[in-house]
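Read off the chains here:
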Amino acid sequence: MEGLVLSRYQIRRKLGEGGMGVVYEADDTRLPRKVAIKVLHEDATGDDRRARFKREARAASALNHPNIVTVHDIESTVERDFIVMELVEGESLHTILARGPLPLTKVIEYAAAMASACGAAHAAGIVHRDIKPGNVMVTADGRVKVLDFGLAKMTGVGAAAASADTVTAPPATHQGTVLGTLAYMSPEQAVGEPVDARSDVFSFGVVLYEMLTGRRPFEGGSTAATVRAILNDPPPSLSRIRRDVPPAVQRLVERCLQKDLSARYAHAGDIARELTALQAQRASAVPYRAYVATGIVVALVAGGVEWYRSRQASDRVTTLAAINEHVDAGRLARGWQLAAALDEKFPDDPEITRTTEAFTMRADVVTEPDGAGVYVRDYIDPDSEWIRFGTTPMTNARVPFAATHWKISKEGYQPFEGRFLWGPGRTVSLVPSRSAVSGMVYVTAGNAGVGEQLSMASPFWIDTFEVTNRDFKRFVDVGGYRDRQHWKHPFIVDGKPLTWESAMALLKDRTGRPGPATWEGGDYPVNQEEYPVTGVSWYEAAAYAEFAGRRLPTFAHRQRVAGGSNLREDAVVGNFHGRGPEPVRSLRDLGPFGTYGLAGNVAEWCWNAVEGQRLILGGGWNDPPYMSTRYEAKPPMDRADTNGFRTILDVGPIDERVLVDNPGGERASRPRSLQAVGDETFDAYRGFYSYDKGPLDARVEWTKVTDLWRRERVSIAAAYGGERVPMDILLPTSGRPPYQVVVWYAGSYALDLPSSEEIIAPMYFDFLVRSGRAVVLPVFKGFYERRLATARPAGTARRDVFVQRSKDLGRTIDYLESRGDIDASKVGLYAFSATTAATPLIALEPRLKTAVLLSGGLAANERFVPEIDPVNFAPRIRVPTLLMAGRHDFQTPVDTAQKPLFDLLGTPASQKRHFIFDGGHVPPRGLLIKELLDWLDTYLGPP
C-alpha cells in the first residue's frame, strides 16, 4: 500500500501487523505531521470485527493520558476503515525484553507509567484485555505508551461509559469467548469468563514479572499446558531468580498474580500509586556525592564486587530456568546455545552439567572433507536464526539429543541442510559445487533399514522437491504423450494388457487433452507452476523419469532418504491438513539429506510392484500423518488427485536387489481361526470392563470459539488410578441444542504424537459439526499426552490399556449425560483406521446408537489375548454399523481384512453396510461426507 492515499493520508511504510489490521506510517497532507494509521484487514468485513475495530478507536479516544497513544480520528473510505493515531517512534517492550531482564530502576519506571495508563483506562470504565509487551512502546527518550485497544471492553462505569459516543455499540463478545494473548491472560479470561479491571491487573503482573526475570511466570509446552499453569500453578519465586528485587515489589507482583481475582488490586490506579511512592523512596536514598575517606571508597569497591557477584549468580539462575523452558518446549538447539555459554562462564558447575546432560549426548561431529562450518536451529522453529555450532571435526562434542535442523557449509562445496540426530558413526559427505546436480540432493550409500535386500543401497541423487507442474509441462510440450520411446512398460488394467493407443486414450486431462487428470486444456491450473504435479498414474511418472534421464525411486531409496520407519518429526509438520497440495518450496518437512515433502502434500509413486500394483509412499494432504511411514499400493493406472512423484539419479550401477517385488514383505492373510468364544466365556471377559460410576469432577479447562465450532477442553475423573480424561467437545456455532453427538476414536497416529492441543485430521469430522452435531474427541489412555512408556504394549499389558479405553468411553458418555446441551440418547462412535481396537468399546457400550468404522479391517497376523480379541467382540456388536474402506487399501485389503471383520459383525444384515470406495486407505472427502451424513441421518435422525 506504500504510496496509496487514504482520505488525506499518504502511506509511507508498513510498521507492523496484528490480528485486526496493519499499521503504517503516513503523512497528514492537511496538517504538517507524521501519523500512524491502522487499516482494518481486507478480509475483516464482518460486522463484529468492524465494530471491534471502531471500538478500539472510541475506547482510546476517550482517554487523554501521556502514556496512552493519542487517537486523532477514525475514517471509512471506499477502500478501507482505518484509525489515525499519533506516530510513536521507538521500540516495543517485547523487543526490549528479547535482550533479557531490565535493570530494577527501569522496571519500576516503565511499570509505573504502564500502571498509570491502565489506571486512567479503568477509571474511564475501559478494560484493555490485551496487556502484553507487544502493546507497550518505549520512545527514544524513554517515554512509555500503551497501544492497541482492539480488544477493549466498556464495563459500564466511569467517564467513558457515560459518553453516548463510546457506549452505543453492544459488547462484541459473549461469555465463553476467549480473546487476548494466552501467556498474559488472567485465569478468568483464559476460560472465557467475564472480565473486569482486575483481569488487566493480572496481565500487568505477568508483564512486570517478565521485566524482572526475562521469562513469563506461566508457560508450558502447549496451549493446554499454559492454561493449566495459569489456572493452577504458582509463579516461580522471584527471590530465587533475582536477588535485587525489593520486598515491596515482590509483594506487588504476588498480589497482581493471585488466582482469586478478589485478592488482586481492584484496578491499576492502586498499583500506580504504590510504584510512584516506591520511585520517590528510592530517589531519596541516593548516597552522598562526596566521598573523602579512603575507607568509604574501599567499601564501595567491595560493595561493587559483591553486587557483580550477586548479578552473576542471578544471571546463572535465570539462564538455567530459560534452558529448562526451551528444553520443555522442544527447543533443544536454543537450550544448547544457552547451556554452552553458561558452561563457559561457570566451568565445572555441577548443576549446569546436570542440566546440560539431561538433553544432550556426546558425538563426533564429522564431515568429509573437514573444515566445514556447522550451524544448528530447532526443527520445530524453522524461522529462527541459525546458531553457530563449530567447525569440523569436533570430537566428543555435546549435541542436542533430538533430530534438529543442521546446516553445513564449506567454500567450494554444495551447502548441506538436513534434519537428523548427530549420533555415533554419522559423517556428512559434502559434494563439490562443480559436481552438484541442480534441484537434487546427494544421498550416501547405507542401510535403508528394512530387509537384507535393502542393505546395499548405492549412493544416489534425489529431487529436493516433488516434481512440479512446471517440470511436467516440459514433458507435455515436447510431445511426451506422443513419443513412445519414453513409455517402457506394458500397460495393465484390471489384470489385462492394454494397447498403446488405448492407454493414451485414458491418459487425458479434464478437457480430453493429453496430460494429468487435474489439468485442463493441456495445461496446469493458473498460478500453480510451483505446485506438485498431481493426477498422474505410475505410467506417466515412469515416462517422465525416462524423459528426464532418471528413474523412479525404489522402496529402498525412499526408506534410505526418509531416515527411518518410526513416526518422524517431519510427519508432524508435513502437509496433512486436508485442504489440498501446497507449493513445494513452502513445505517445511525436512528430511535427513535435505529433501522436502516426503511427508504429506502428495503421495509419491515408487518403482516396486506389489501384487500387480505399484507402491505409492509418503501420504497425501488428505491422509493421516502415519501414512508418512506406512506403505501403500495402487493400480498403476490410478490417477487420483493426491498422486505425485519425484525422481532419482543413480551414482554408478544400481543394486538389482532394490528392484524386487513386495519389498516390504507379502501382505499376510489372517491364518488363525475366526471362531468367537461362547457366551459364558465372553461374560467372564466382560467383567474386566465394568467400573463404578463415581463423581465426574468435571472441569472446563478452557474454551475457544472459531468460525468452525466452539471448542471446549474438558477433563473428567477417570474410572481408574486417580487419572483424568481430557477431551475436546466441538459444538456447532449454529443450530439449537441439545445436539446429537459423535465420539471420535482417532487412528494410531494418536499413539505417537505428543499433544492433543492441535486437532489432527479435522477433515474427517469437521463436516459433522457443520451439519449441526457435536463431536467429542476424548484423549483415550495411551493417546497424545497420555502416552505410555511403550506406545504399543503386548499381551496382558495391552489388554489393560484396551480395558481402560473402554472405561474412558463409558465415563465420557456419563459426562455427556450430565450436559443439557447434549442429547445423550443419540450418541454414535466413529473410529478411524485402527478399528480393531474400537470393537470392544462398541460391543460393550449399550448407550451407543450407531458405529462407523473408517478404513478398517482385521489387522493381518496381529495377535491379541482373548480378552480383547476383536474376533470375540465383533459378533457382540449389535448397533447399526457402517464399514467404509478402500478397494485398493494395501493395509486392510478387502478380502483378507475388511470382509472378515464385516462378516463377523453381529449387527442384523439390514443394518450393516460394507461400503467399498475406489481408492486406497482414505476415501475422497466428498464421498466421505455424503455417506457418513446419510448414515447418521438414518440412525440418529436429522440434527
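Above this text is the structure in question.
An account of the accompanying structure is given in this report. (Residues numbered from 1 in each chain as written. Predicted model: local features only at pLDDT ≥ 70, side-chain atom pairs only at ≥ 80, totals over all residues. Heavy atoms only, no water.)

1. As for the overall build of the chain
So, step 1. In terms of regular secondary structure, the chain is built from 25 helices and 36 strands.
So, step 2. Looking at the chain as a whole, 54% of its 943 residues qualify as buried.
So, step 3. Pairs at least 24 residues apart make up 68% of the contacts formed inside the chain by residues separated by at least 6 positions.
So, step 4. Carbon and sulfur atoms make up 50% of the accessible area of the chain, which amounts to about 40000 Å² in all. (Helix = DSSP H or I, 4+ residues; strand = E, 2+ residues; numbered from the N terminus. Buried < 20%, exposed > 50% of the residue type's maximum accessible area, 1.4 Å probe, protein only. Contact = heavy atoms within 4.5 Å. Areas by Shrake-Rupley, 256 points an atom, 1.4 Å probe, with all protein chains shown as cover.)

2. A few points about unusual backbone geometry
So, step 1. In this model, Thr392 is joined to Pro393 through a cis peptide bond whose omega is 0°.
So, step 2. That bond from Pro737 to Pro738 is cis: its omega, 0°, falls within 30 degrees of zero.
So, step 3. Here Pro738 is to be found in the loop between β30 (724–731) and β31 (739–745).
So, step 4. Phi is positive for Arg129, close to 75°, though the residue is something other than glycine.
So, step 5. Tracing the sequence through the fold places Arg129 in the loop between β8 (126–127) and β9 (136–139).
So, step 6. Positive phi, normally seen in glycine, also occurs at Asp348, with a value near 65°.
So, step 7. By the element assignment, Asp348 lies in the loop between α12 (332–345) and α13 (350–357).
So, step 8. Note on Asp348: relative accessible area 72%, which makes it exposed.

3. What about empty space enclosed by the protein?
So, step 1. In total, this model carries six cavities of 30 Å³ or more according to the counting rule given.
So, step 2. Considering only enclosed or pocket space, the largest cavity measures out at about 130 Å³ in volume.
So, step 3. Along its surface, the largest cavity is lined by 14 residues, and Trp744, Ser756, Leu777, Pro778 and Tyr784 are the ones closest to its centre.
So, step 4. In the lining of the largest cavity, the residues fall into ten nonpolar, one polar and three charged.
So, step 5. Estimates place the volume of the second largest cavity at around 80 Å³.
So, step 6. Lining the second largest cavity we find twelve residues, and of these Arg558, Gln559, Leu617, Ser628 and Thr629 sit closest to its centre.
So, step 7. Per-element accounting of the lining of the second largest cavity gives the leading share, four residues, to helix α17 (residues 555–562). (1 Å grid on protein atoms, 1.4 Å probe; cavity = no way out; pocket = protein on both sides within 12 Å on 5 of 7 lines; lining within 4 Å. Points joined across faces, edges and corners; volume = space filled by probe spheres on them. Nonpolar A, V, L, I, M, F, W, Y, C, P; charged D, E, K, R; others polar.)

4. Thoughts on the nonpolar core
So, step 1. With 92 residues, the main nonpolar core has Trp744, Tyr749, Tyr764, Phe765, Leu768 and Tyr830 as its most contacted residues.
So, step 2. Formed by 46 residues, the second largest nonpolar core is a distinct cluster that contains Ala113, Ala229, Ile230 and Cys256. (Core = buried A, V, L, I, M, F, W, Y, C linked by side-chain atoms within 4.5 Å.)

5. What about the sheet that holds strand β34 (residues 848–854)?
So, step 1. One open sheet holds the nine strands; their spatial order is β28-β29-β30-β32-β31-β33-β34-β35-β36, and the pairing between them is mixed. Unpaired on one side and paired on the other, β28 (699–705) and β36 (912–917) mark the two borders of the sheet. Strand-to-strand, the axes of this sheet are offset by a mean angle of 20°, without reference to chain direction.
So, step 2. Of the pairings in the sheet, the one linking strand β29 (residues 710–717) to β30 comprises eight bridges and is antiparallel in character. Bridge pairing in β30 links Glu712 to Ile729.
So, step 3. Where helix α25 (residues 925–939) meets the sheet, it contacts β31, β33 (822–832), β34, β35 (881–886) and β36, and its direction lies at approximately 165° from that of β34. (Pairing = 2+ DSSP bridges. Axes fitted to C-alpha atoms, helices over the stretch in contact; angles between N-to-C directions.)

6. A word on helix α7 (residues 223–232)
So, step 1. Among all positions of α7, only Ala224, Ala225, Thr226, Val227, Ala229 and Ile230 are buried.
So, step 2. In the core, the buried residues of α7 are packed alongside α5 (187–190), α6 (197–213), β28 and β29.

7. Considering the sheet that holds strand β7 (residues 90–92)
So, step 1. The antiparallel open sheet is built from three strands, whose spatial order is β7-β9-β10. Of all the strands in the sheet, the pair left with one neighbour each is β7 and β10 (144–146). Here the average twist between neighbouring strands, direction ignored, is 25°.
So, step 2. Here β9 runs beside β10; their pairing, made up of three bridges, is antiparallel. The residue bridging Val138 from the neighbouring strand is Val144, located in β10.
So, step 3. Packed on one face of the sheet, helix α3 (residues 104–123) meets β9 and β10 and runs near 35° to β10.

8. Concerning the packing of aromatic side chains
So, step 1. Taken as a whole, this structure holds 40 aromatic pairs when the rule is applied.
So, step 2. Centre to centre, the rings of Phe491 and Tyr539 are 4.7 Å apart; their planes meet at 50°, and the pair counts as tilted. Taken together, the residues Phe491 in strand β21 (residues 491–493) and Tyr539 in helix α16 (residues 538–547) connect sequence positions 48 residues apart.
So, step 3. Between Tyr745 and Phe780 the ring centres are 5.0 Å apart and the planes differ by 45°, which places this aromatic pair in the tilted class. Pair noted here: Tyr745 is in strand β31 and Phe780 is in the loop between β32 (774–778) and α21 (795–817), with a separation of 35 residues, a long-range link. When sorted by exposure, Tyr745 lands in the same class as Phe780, which is buried.
So, step 4. It is Arg419 that lies over the ring of Tyr379; its NZ or CZ is 5.5 Å from the centre.
So, step 5. Between Arg614 and the ring centre of Trp607, over which it is positioned, the NZ or CZ distance is 5.5 Å. (Phe/Tyr/Trp six-rings, centres within 6.5 Å; stacked < 30°, edge-to-face > 60°. Lys NZ or Arg CZ within 6 Å of the ring centre and 35° of its normal.)

9. Overview of the environment of Thr881
So, step 1. Within the secondary structure, Thr881 is located in strand β35.
So, step 2. For Thr881, a relative accessible area of 1% gives the class buried.
So, step 3. Residues Thr881 and Ile842 lie 39 residues apart in sequence; the distance between their C-alpha atoms is 9.7 Å.
So, step 4. If we ignore the near neighbours within four places in the chain, the residues touching Thr881 are Ala851, Leu853, Leu905, Thr907, Gln911, Lys912, Arg913 and Trp935.

10. Some thoughts on the side chain of Arg419
So, step 1. Along the chain, Arg419 turns up in strand β17 (residues 416–420).
So, step 2. From its side chain, Arg419 meets the backbone oxygen of Leu590 in a polar contact 2.7 Å long. (Polar contact = N/O pair within 3.5 Å; in protein donor to acceptor, adjacent residues only side chain to side chain.)

11. Observations concerning the environment of Arg255
So, step 1. Among the structural elements, Arg255 can be located in helix α9 (residues 247–256).
So, step 2. Distance from Arg255 to Tyr265, taken between C-alpha atoms, is 7.0 Å for residues ten residues apart in sequence.
So, step 3. Aside from chain neighbours lying at most four places away, what touches Arg255 is Ala263, Arg264, Tyr265 and Glu274.

12. Points about the packing of α3 against α6
So, step 1. Axis separation between α3 and α6 bottoms out at 10 Å; the angle between their running directions is 165°. Between α3 and α6, the angle is such that the two are roughly antiparallel. Considering how the two elements wind past one another, α3 and α6 form a crossing that is right-handed. For the pair α3 and α6, the contacting residues are Leu104, Val107, Tyr110, Ala111, Met114, Ala115 and His122 in the first and Ala197, Asp200, Phe204, Val207, Leu208, Met211 and Leu212 in the second. (Parallel < 35°, antiparallel > 145°, perpendicular 65-115°, else oblique. Left-handed = near helix turned anticlockwise from the far one by under 90°.)

13. Section: the pattern of salt bridges
So, step 1. Tallying each qualifying case throughout the model produces 56 salt bridges.
So, step 2. Linking Arg273 and Asp270 is a salt bridge whose minimum nitrogen-to-oxygen distance equals 2.4 Å. With a gap of three residues between them, Arg273 and Asp270 both fall in helix α10 (residues 268–283), about one helical turn apart.
So, step 3. Residue classification places Arg273 among the exposed positions, given a relative accessible area of 52%.
So, step 4. In this structure Asp270 comes out as partly exposed when scored by relative accessible area, which is 24%.
So, step 5. Close ionic contact of Arg639 with Glu540 constitutes a salt bridge, the shortest N to O distance being 2.9 Å. (Salt bridge = Lys/Arg side-chain N within 4 Å of Asp/Glu carboxyl O.)

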